[in-house]
Amino acid sequence: MSIRVVVADDQELVRSGFSMILEAQPDIEVVAEAGDGAEAVAAVRRHAPDVLLLDIRMPVMDGLEAARRVCGQSACKVVMLTTFDLDEYVYDALCAGASGFLLKDVRRDDLVHAVRVVAGGDSLLAPTVTRRLVADLVRRRRREAAAEVAPRRLEVLTARETETLSMLACGLTNAEIASALFVSEHTVKTHVSNVLSKLGLRDRVQAVICAYETGLVTPGDGQS
């Protein structure tokens, strides 16, 4: 079965370029294109795609609001597109439920890989720019807000689940977490599933955000 994708960008050349790249793949089908946020939301409702590639700066309805509506009303996975690797709106989009983001100058192979990864239920955590973005913006926001109650949010987790969340936030894969904890990958997947369920999180990206916001992980942990 093909991965169904909607491409939303107000720049026609970017939109058509991404669509051509994705359409050339045997397992990906671009079911619609959209030139603004409102069109993107409507296209998702009409076509029920697996993945929405969504420009964060859009006319009529911005990408943040479009992401919030799509993630709140459907199972479609949203990947934000941005020109800037430290765009503050990307953080808000991740909190709204987006599964990650890509820079618009992404390489062809990375674009295709991202669509497949997100459609498979994972998130775009591998690029160091994603972790840097989350770390930088959480650091700034924690200066502005009282965070004394945040750690209590993690009290519902077992010690092993907390360890798993910490390693996940540092960018470790399931295989690396399994090796570090001396357990199977299946066990790690169970821990990750429990973390998401107990904390009411949509996916692994939101788990990373939660780990930073609660102070479980601080900027610089586990990164080179």
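So, here's what we can say about the structure. Since this is a predicted model, take the numbers as computed values, not measurements. (Residues numbered from 1 in each chain as written. Predicted model: local features only at pLDDT ≥ 70, side-chain atom pairs only at ≥ 80, totals over all residues. Heavy atoms only, no water.)

## Quick word on the environment of C71
Link 1 in the chain: The topology assignment puts C71 in helix α3 (residues 63–73).
Link 2 in the chain: Note on C71: relative accessible area 10%, which makes it buried.
Link 3 in the chain: Each C-alpha atom, one on C71 and one on S99, is 9.5 Å from the other, the two residues being 28 residues apart in sequence.
Link 4 in the chain: Excluding residues within four positions of it along the chain, C71 makes contact with V78, A96, G97, A98 and R202. (Helix = DSSP H or I, 4+ residues; strand = E, 2+ residues; numbered from the N terminus. Buried < 20%, exposed > 50% of the residue type's maximum accessible area, 1.4 Å probe, protein only. Contact = heavy atoms within 4.5 Å.)

## Overview of the nonpolar core
Link 1 in the chain: Residues A8, L52, L54, V70, V78 and M80 are the most contacted members of the largest nonpolar core, which totals 28 residues.
Link 2 in the chain: The set of elements that each furnish at least two residues to this core consists of β1 (3–8), β2 (28–34), α2 (37–47), β3 (51–55), α3, β4 (77–82), α4 (88–96) and α10 (204–213).
Link 3 in the chain: The leading source of residues in this core is α3, at five residues.
Link 4 in the chain: Beyond its immediate sequence surroundings of up to four residues, L52 is in contact with V6, A8, A40, V44, V70, C76, K77, V78 and V79.
Link 5 in the chain: Listed in part, the 22 residues of the second largest apolar core include M167, A178, V195 and A211. (Core = buried A, V, L, I, M, F, W, Y, C linked by side-chain atoms within 4.5 Å.)

## Things to note about the packing of helix α7 (residues 159–169) against helix α9 (residues 185–199)
Link 1 in the chain: Remark: α7 packs on α9, axes separated minimally by 9 Å, with the N-to-C direction vectors making an angle of 95°. Of the possible angle classes, the one that applies to α7 and α9 is roughly perpendicular. Facing R160, E161, T164 and L165 of α7, the residues of α9 in contact are H191, V192, N194, V195, K198 and L199.
Link 2 in the chain: The residue inventory of the contact of α7 with α9, partitioned by class, reads four nonpolar, three polar and three charged. (Axes fitted to C-alpha atoms, helices over the stretch in contact; angles between N-to-C directions. Parallel < 35°, antiparallel > 145°, perpendicular 65-115°, else oblique. Nonpolar A, V, L, I, M, F, W, Y, C, P; charged D, E, K, R; others polar.)

## Some words on the pattern of salt bridges
Link 1 in the chain: Throughout the structure, instances matching the rule amount to nine salt bridges.
Link 2 in the chain: A salt bridge links K104 to D55, with the nearest nitrogen and oxygen atoms 3.2 Å apart. In this pair, K104 is assigned in the loop between β5 (100–103) and α5 (108–119) and D55 in strand β3, connecting sequence segments 49 residues apart.
Link 3 in the chain: The buried category is assigned to K104, whose relative accessible area is 18%.
Link 4 in the chain: Here R107 makes a salt bridge to D110, at a shortest N to O gap of 3.1 Å.
Link 5 in the chain: A relative accessible area of 57% means that R107 is categorised as exposed. (Salt bridge = Lys/Arg side-chain N within 4 Å of Asp/Glu carboxyl O.)

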